[in-house]
Amino acid sequence: MPISDKRSLLASIHDVSPGSEREVDRLAGLLTDTLRSSSFAMLVVPDHWGHHPIRSGTPFANRLRAWSDSGIEMFVHGWYHKDTVEHHGISGLKAKYMTASEGEFLGLSYAEAARRMEDGRALVEDIIGRKAAGFIAPAWLYGAGAMDALRDSSFDIAEDHMKVWIPQTGAVVARGPVVTWASRSTARTASSLAFAALARQVLHPLRTVRVAVHPGDVTKDSILSSIEKTLRRFVRSRQAGSYRSLLA
């Protein structure tokens, strides 16, 4: 059976930066133990909120290289992860309700989006010594400029809340909602726990299920328990895989 025909589980750790190293360590251990492999992805932010730059030759850069060498896929995840653009209309609603000032690529021009994508790609690839797996915008939010820049980029894979696609052609290689959690408020946490419980019951027909975790998840035991329960439920009937396998 071709790889692309297998039922797969794609797990990822978002917001990987020097400022979240301890949390990422904990999440990586949870994923490795639960999936019994390093078949998951890390989404790397080159300079998280302008406070945590990644520099070649530093201990954190060496850790990224080691993680990559172990088989973990490395995605470029924006540059700052912080959104400083003033939004209006639909974009304003997305910026307000879908993220906490972190939709960096929602309002960027083509030129600025392309520059940050390319700079991020060059940095990550220089550190890990291989091609980055792809690009995923912070908060999964893309404006028109970012979409055009992504189409003209050299990234093989991109992802939003509902799909994974090939940027240059627009071909969709996986569909379905990402299972993720929110730790910012009690209400958001409760909602995300409820969705994860529902997802464990209803997403099984999908060929590809995606699960995404964030550093903030480690602050709540209820979220960590839900993450482990969700991963264990899906890995019973599908193989933990890589995003690149979707291109097979």
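## What to know about the packing of aromatic side chains
For step 1, the next point in the chain: Per the stated rule, a full pass over the model turns up five aromatic pairs.
For step 2, the next point in the chain: Relative to phenylalanine 135, the ring of phenylalanine 105 has its centre 5.1 Å away and its plane inclined at 65 degrees; by these criteria the two rings are edge-to-face. One end of the pair, phenylalanine 105, is in the loop between helix H3 (89-97) and helix H4 (110-128); the other, phenylalanine 135, is in strand E6 (residues 134-135), with 30 residues separating them in the sequence.
For step 3, the next point in the chain: Residue phenylalanine 135 is classed as buried on the basis of its relative accessible area, which comes to 0%.
For step 4, the next point in the chain: What links up through ring pairs into an aromatic cluster is the set Phe105, Phe135 and Phe155.
For step 5, the next point in the chain: Between the NZ or CZ atom of lysine 163 and the centre of the ring of tryptophan 165, over which it lies, the distance is 4.8 Å.

## Some remarks on the pattern of salt bridges
For step 1, the next point in the chain: Taken as a whole, this structure holds 17 salt bridges when the rule is applied.
For step 2, the next point in the chain: For the salt bridge of aspartate 69 with arginine 130, the shortest nitrogen-to-oxygen distance reads 3.0 Å. You can see aspartate 69 sitting in helix H2 (residues 59-69) and its partner arginine 130 sitting in the loop between H4 and E6, a full 61 residues away along the chain.
For step 3, the next point in the chain: With a shortest N-O distance of 3.0 Å, arginine 232 and glutamate 228 are connected by a salt bridge. Here the residue arginine 232 and the residue glutamate 228 both occupy positions in helix H7 (residues 221-235), the gap between them amounting to four residues, near one helical turn.
For step 4, the next point in the chain: The class of arginine 232 is partly exposed, set by a relative accessible area of 38%.

## Examining a nonpolar patch on the surface
For step 1, the next point in the chain: Taken together, Phe195, Leu198 and Val202 make up a surface patch of nonpolar side chains, about 250 Å² in accessible area.
For step 2, the next point in the chain: Here leucine 198 lies in helix H6 (residues 186-202).
For step 3, the next point in the chain: When its relative accessible area of 47% is taken as the criterion, leucine 198 is described as partly exposed.

## A short note on the packing of H4 against helix H5 (residues 144-151)
For step 1, the next point in the chain: Direction vectors running N to C along H4 and H5 enclose 50 degrees, while the axes themselves pass 8 Å from each other. Here H4 is positioned oblique relative to H5, judged by the angle of their axes. The handedness of the crossing between H4 and H5 is right-handed. Contacts from Tyr110, Ala113, Ala114 and Met117 of H4 reach H5 at Gly145, Ala146, Asp148, Ala149 and Leu150.

Reading the values: rules and limits
Residues numbered from 1 in each chain as written. Predicted model: local features only at pLDDT ≥ 70, side-chain atom pairs only at ≥ 80, totals over all residues. Heavy atoms only, no water. Phe/Tyr/Trp six-rings, centres within 6.5 Å; stacked < 30°, edge-to-face > 60°. Helix = DSSP H or I, 4+ residues; strand = E, 2+ residues; numbered from the N terminus. Buried < 20%, exposed > 50% of the residue type's maximum accessible area, 1.4 Å probe, protein only. Lys NZ or Arg CZ within 6 Å of the ring centre and 35° of its normal. Salt bridge = Lys/Arg side-chain N within 4 Å of Asp/Glu carboxyl O. Patch = residues over 30% accessible without salt bridge, like charges linked within 9 Å, V, L, I, M, F, W, Y side chains within 5 Å. Areas by Shrake-Rupley, 256 points an atom, 1.4 Å probe, with all protein chains shown as cover. Axes fitted to C-alpha atoms, helices over the stretch in contact; angles between N-to-C directions. Parallel < 35°, antiparallel > 145°, perpendicular 65-115°, else oblique. Left-handed = near helix turned anticlockwise from the far one by under 90°. Contact = heavy atoms within 4.5 Å.

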